[in-house]
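Fold and contact review
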Amino acid sequence: MVTSGRLGLRQLMAFDALVGVALVLLTVFRTPGAPALAGGLAVLFGAPLAVRRRWPAPVLAVVVLAGAVAVAVGAAGDAVVFAVAFALYPVALVTSTRDGVSALVVVLAALTGAGLAGGTVPGLPIVPTRAGEESFAATPVPVLLYAATVVAASWALARAVRARRRHVAQLAASRADQAVAEERLRIARDIHDVVGHSLSLIAMKAAVANHLADSHPEQGRAALGTIERVSRSALDDIRVVLGALRDPADTAPSFAELDPLVEAVRSAGVTVDVDRAADLTRVPAAVQVSAYRIVQEALTNVLRHAGPTRCRLAVAVEPGVLAVAVVDDGGSGRAVGPPGHGLRGMRERAVMHGGTLEAGVEPGGGFAVRARLPFTPAVSDDG
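Attention in this report is confined to the structure presented alongside it. A quick note: this is a predicted structure, and the numbers were derived from the prediction, not measured.

**Describing the pattern of salt bridges**
Under the counting rule described, the total for this entry stands at seven salt bridges. When the shortest N-O distance is used, the salt bridge between Arg276 and Asp259 registers 3.1 Å. Pair noted here: Arg276 is in the loop between strand E1 (271–275) and helix H9 (285–305) and Asp259 is in helix H8 (residues 258–267), with a separation of 17 residues, a long-range link. The exposure class of Arg276 is partly exposed, given its relative accessible area of 30%. Its salt-bridge partner being Glu263, residue Arg266 comes within 2.8 Å of it at the nearest N-O pair. Placement of both Arg266 and Glu263 in helix H8 is noted, with a separation of three residues, approximately one turn of the helix. Given a relative accessible area of 33%, Arg266 falls into the partly exposed group. Linked through salt bridges whose partners overlap, the residues forming this network are Asp16, Arg52 and Arg53.

**Some remarks on the packing of H8 against H9**
Contact geometry for H8 and H9: axes closest at 11 Å, N-to-C directions at 5°. The angle between H8 and H9 falls in the class roughly parallel. Contacts between H8 and H9 involve Leu258, Leu261 and Val265 on the former and, on the latter, Tyr292, Val295, Gln296, Leu299 and Leu303. Residue composition of the contact of H8 with H9, by class: seven nonpolar, one polar and no charged.

**A closer look at helix H4 (residues 78–94)**
Taking 1.5 Å of rise per residue, the 17 residues of H4 would be expected to cover 24 Å, and the 26 Å separating its terminal C-alpha atoms lies within 8% of that figure. Of all 17 residues making up H4, 13 are buried, and the element is well covered by its neighbours.

**Considerations on the packing of helix H3 (residues 56–73) against helix H5 (residues 97–120)**
The interhelical angle for the contact between H3 and H5, taken along N-to-C directions, is 20°, at an axis separation of 7 Å. Judged on the interaxial angle alone, H5 and H3 are roughly parallel. The hand of the H3/H5 crossing is right-handed. In contact with Leu60, Val64, Ala68, Val71 and Ala72 of H3, H5 contributes Ala103, Val107, Ala110, Ala114, Gly115 and Gly118.

**Observations concerning the side chain of Ser154**
If you trace the backbone, Ser154 turns up in helix H6 (residues 140–212). Side-chain polar atoms of Ser154 contact the backbone oxygen of Ala85, separated by 2.7 Å. In contact with Ser154, not counting residues within four places along its chain, are Ala85 and Tyr89.

**Points about the sheet that holds strand E5 (residues 367–374)**
Spatial ordering of the open sheet is given by E1-E2-E3-E5-E4, a layout of five strands whose pairing is mixed. The outermost strands of the open sheet, each flanked by one partner alone, are E1 and strand E4 (356–361). In this sheet, adjacent strand axes meet at a mean angle of 10° when their direction is disregarded. Where strand E2 (residues 310–318) and strand E3 (residues 321–328) come together, eight bridges link them in antiparallel fashion. The residue bridging Ala316 from the neighbouring strand is Ala323, located in E3. Lying on the sheet, H8 is in contact with E1 and E2; it crosses E1 at an angle near 155°. Helix-sheet contacts for H9 involve E2, E3, E4 and E5, and the interaxial angle to E3 is about 5°.

Conventions and cut-offs
- Residues numbered from 1 in each chain as written.
- Predicted model: local features only at pLDDT ≥ 70, side-chain atom pairs only at ≥ 80, totals over all residues.
- Heavy atoms only, no water.
- Salt bridge = Lys/Arg side-chain N within 4 Å of Asp/Glu carboxyl O.
- Helix = DSSP H or I, 4+ residues; strand = E, 2+ residues; numbered from the N terminus.
- Buried < 20%, exposed > 50% of the residue type's maximum accessible area, 1.4 Å probe, protein only.
- Axes fitted to C-alpha atoms, helices over the stretch in contact; angles between N-to-C directions.
- Parallel < 35°, antiparallel > 145°, perpendicular 65-115°, else oblique.
- Contact = heavy atoms within 4.5 Å.
- Nonpolar A, V, L, I, M, F, W, Y, C, P; charged D, E, K, R; others polar.
- Expected span 1.5 Å × (residues − 1).
- Left-handed = near helix turned anticlockwise from the far one by under 90°.
- Polar contact = N/O pair within 3.5 Å; in protein donor to acceptor, adjacent residues only side chain to side chain.
- Pairing = 2+ DSSP bridges.

Structure (structure tokens):
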């Protein structure tokens, strides 16, 4: 069944019925010498057009057969060509290339055979051609060329529409696959950030607790308390990330949760100086989430590679850009190696918003991560 996304099937079938009625009337008016014969044949090849979208192939077969008879007896001309072309269109639209070509060949052969029969078989055509008027019998070559052109044009248009629809469907499927891949990548980045950051804190605090278990039990218990708190926080963050798969309305972290993150890093022995004199009210939530994750991963890298040290976290909002930077002073030394998943994930988050991320060793020592995320200012509810 051939349908349209803009008009309902009933409206389209009503239009097809009007076309069929118009072709019947055209045939009757163009054949005044035999209105009964012409009208009867016209109904045979015009009426089925009303259901061409439901049963394309059977309708085409009936229209071609009735049209060929009408051509042979001289009871129709242009109306048959238009009816056949109209019936061929949905067949060419829904069939394979091979079947579509076969349908075109059969239609052209039927019209050609009927036209030749009307001009060569004795007693045909039954309805003579009026003086000065072209017909399959009187002027077979130009009329057959005209008929072939109209029918082939209808077939070609249908094949072009079919190819376009296939392309649109493939593009939609490709976009759906890309969206799925991007969502998987986003989830992988979030889980990497959450788990990597939390496990780094847990590992450092576990080492402290193990070291102080006998000599300073109070400090050891405090370290164990931090491990418990960070573990619970990590589980909550993972629930949020995975919960978004079930409910997109689940909230993701933003800069409102930056203070707990900084405090957790400080509890691991890193001195964090925060410079956050920035108004984030016009920064979209998605940009804030990406910036938060970049800061989280950068601070995690400080814990992993610099050890107990000092670092500076800066957040600034420039016209159309959210800028974040995490710079450490090197601490006990940083092992510089090939970029890992952390740096790659941070860069992907920045690029996702059309931004940039720079990471590398500072001239005076230490390591810096600087990201700039462009955004279109969010419009507040009151204006």
